[in-house]
Amino acid sequence: AALNIQPNPEQLAQAAADFISAQVRVKPELNILVATGHTPMATYAELARRAEAGEVDFSRATAVQLDEYLGIDDDDPRSLWGWMRRSFVEPLRLTRTVRLESPAQFGTALARLGGLDLAVLGLGPNGHLGFNEPPSLPDAPTRTLALTPASLESNRAYWGELAVPEGAITAGMDVILAARQTLLLVGGTHKRAVLHAALKGPETPEVPASFLRRTALTVIADEAAWA
Ligand code: F6R
């Protein structure tokens, strides 16, 4: 894995925006799996700024949804599709998207795209990727699942007063690990232990992110997460 440590979250966002911009310049019709969560938001804002300034063009790229809660309307504040649309699809001016609605629909859409060029991921506090909760094997497929207590707790931070939905659908480990490039973004002291487990511990279903070492992985982390 290529490990790129940045002094602070702002520079992490710059480095991640550089990485993604470079990929879309090489291949304008890039297919990108897009994480929500807090970590990539500054990166997406920087990409939006660059798109606005005409420095990078996402108009031929395709954004692919990583995960979603079940039983939530599109306009519900907890919709991850809504979050992805507001933070990535609209500000970067993408016109092509693949939503995650069912394992069958998603599999067909990905096959039509010819697979993922790039997966942009955050690191769950328990080592999850998307909603591939521990334990998840490398061949875990796209599926619906019940969230673990640890993820219900960490997701509570996003929604304030609103209840955290208990069911979810996630792109499978098989889909994530087959991406031609993976970019893992990690910031903050609270991610330090899990980042070290993911990169230096054994490859184990108990830390699904540990399987990313099998891929063409670039990790961009800040000092707080790495030191
Ligand atoms: C979000 C997602 C999650 C987050 C992870 C880290 O679509 O799939 O796996 O990437 O929980 O979240 P943050 O970045 O908020 O720490």
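Just so it is clear, the model here is predicted, and its values are computed rather than measured.

Parameters at a glance
Residues numbered from 1 in each chain as written. Predicted model: local features only at pLDDT ≥ 70, side-chain atom pairs only at ≥ 80, totals over all residues. Near = placed C-beta within 6 Å. Nonpolar A, V, L, I, M, F, W, Y, C, P; charged D, E, K, R; others polar. UniProt positions renumbered as here; feature names shortened; annotations may be inferred. Helix = DSSP H or I, 4+ residues; strand = E, 2+ residues; numbered from the N terminus. Pairing = 2+ DSSP bridges. Axes fitted to C-alpha atoms, helices over the stretch in contact; angles between N-to-C directions. Contact = placed C-beta atoms within 7 Å. Expected span 1.5 Å × (residues − 1). Buried ≥ 20, exposed ≤ 12 C-beta atoms within 10 Å, placed from the backbone. Arc of directions from axis to C-beta. Parallel < 35°, antiparallel > 145°, perpendicular 65-115°, else oblique. Left-handed = near helix turned anticlockwise from the far one by under 90°.

### Observations regarding the site of the ligand
Around the ligand, the surrounding shell holds 14 residues, and the nearest of these are T36, G37, H38, T39 and G122. Of the residues that constitute the shell around the ligand, the class distribution is 5 nonpolar, 8 polar and 1 charged.

### Looking at the UniProt feature "domain: Glucosamine/galactosamine-6-phosphate isomerase" (unreviewed entry) in the protein
According to UniProt, the "domain: Glucosamine/galactosamine-6-phosphate isomerase" (unreviewed entry) feature falls on residues 9–215. The distance separating the terminal C-alpha atoms of residues 9–215 is 24 Å; by composition the span is 37% helix and 16% strand.

### Thoughts on the sheet that holds strand 1 (residues 2–6)
The 7 strands lie next to each other as 1-10-9-6-2-3-5, forming an open sheet whose pairing is parallel. At either end of the open sheet lies a strand with only one pairing partner, and these are strand 1 and strand 5 (96–98). In this sheet, adjacent strand axes meet at a mean angle of 20 degrees when their direction is disregarded. In this structure, strand 2 (residues 31–34) lies alongside strand 3 (residues 62–65), joined through 4 bridges in parallel fashion. Bridge assignment links V34 to a residue of strand 3, and that residue is Q65. Of the strands in this sheet, strand 1, strand 6 (118–122), strand 9 (181–186) and strand 10 (217–222) touch helix 1 (residues 9–26), which is tilted by about 155 degrees from strand 10.

### Quick notes on helix 2 (residues 41–52)
Taking 1.5 Å of rise per residue, 12 residues should cover 16 Å, and helix 2 covers 16 Å from first to last C-alpha, within 8% of that figure. Restricting attention to buried positions, one finds in helix 2 the residues T43, Y44 and L47. On an axial view of helix 2, the arc spanned by its buried residues comes to 95 degrees, and they lie on one face. If you follow the buried residues of helix 2, they end up packed against helix 1, helix 3 (80–89) and strand 9.

### Let's talk about the sheet that holds strand 7 (residues 143–146)
Strand pairing in a sheet relies on backbone hydrogen bonds. The paired strands run either parallel or antiparallel. Read from one edge to the other, the open sheet built from 3 strands follows the order 4-8-7, with strand pairing classed as antiparallel. Both outer strands of the open sheet, strand 4 (67–69) and strand 7, are each paired with one neighbouring strand and no more. Going from strand to strand, the sheet's axes swing by 25 degrees on average, the running direction of each strand aside. As paired elements, strand 4 and strand 8 (residues 167–170) share 3 bridges and run antiparallel to each other. Along strand 8, the bridge assignment pairs Y69 with A168.

### Examining the packing of helix 1 against helix 2
Where helix 1 meets helix 2, the closest approach of the two axes is 8 Å, and the angle between their N-to-C directions is 55 degrees. In terms of axis orientation, helix 1 runs oblique to helix 2. Relative to helix 2, the crossing made by helix 1 is right-handed. For the pair helix 1 and helix 2, the contacting residues are P9, E10, A13, Q14, A16, A17, I20 and S21 in the first and A42, T43, E46, L47 and R50 in the second. Split by residue class, the contact of helix 1 with helix 2 holds 7 nonpolar, 3 polar and 3 charged.

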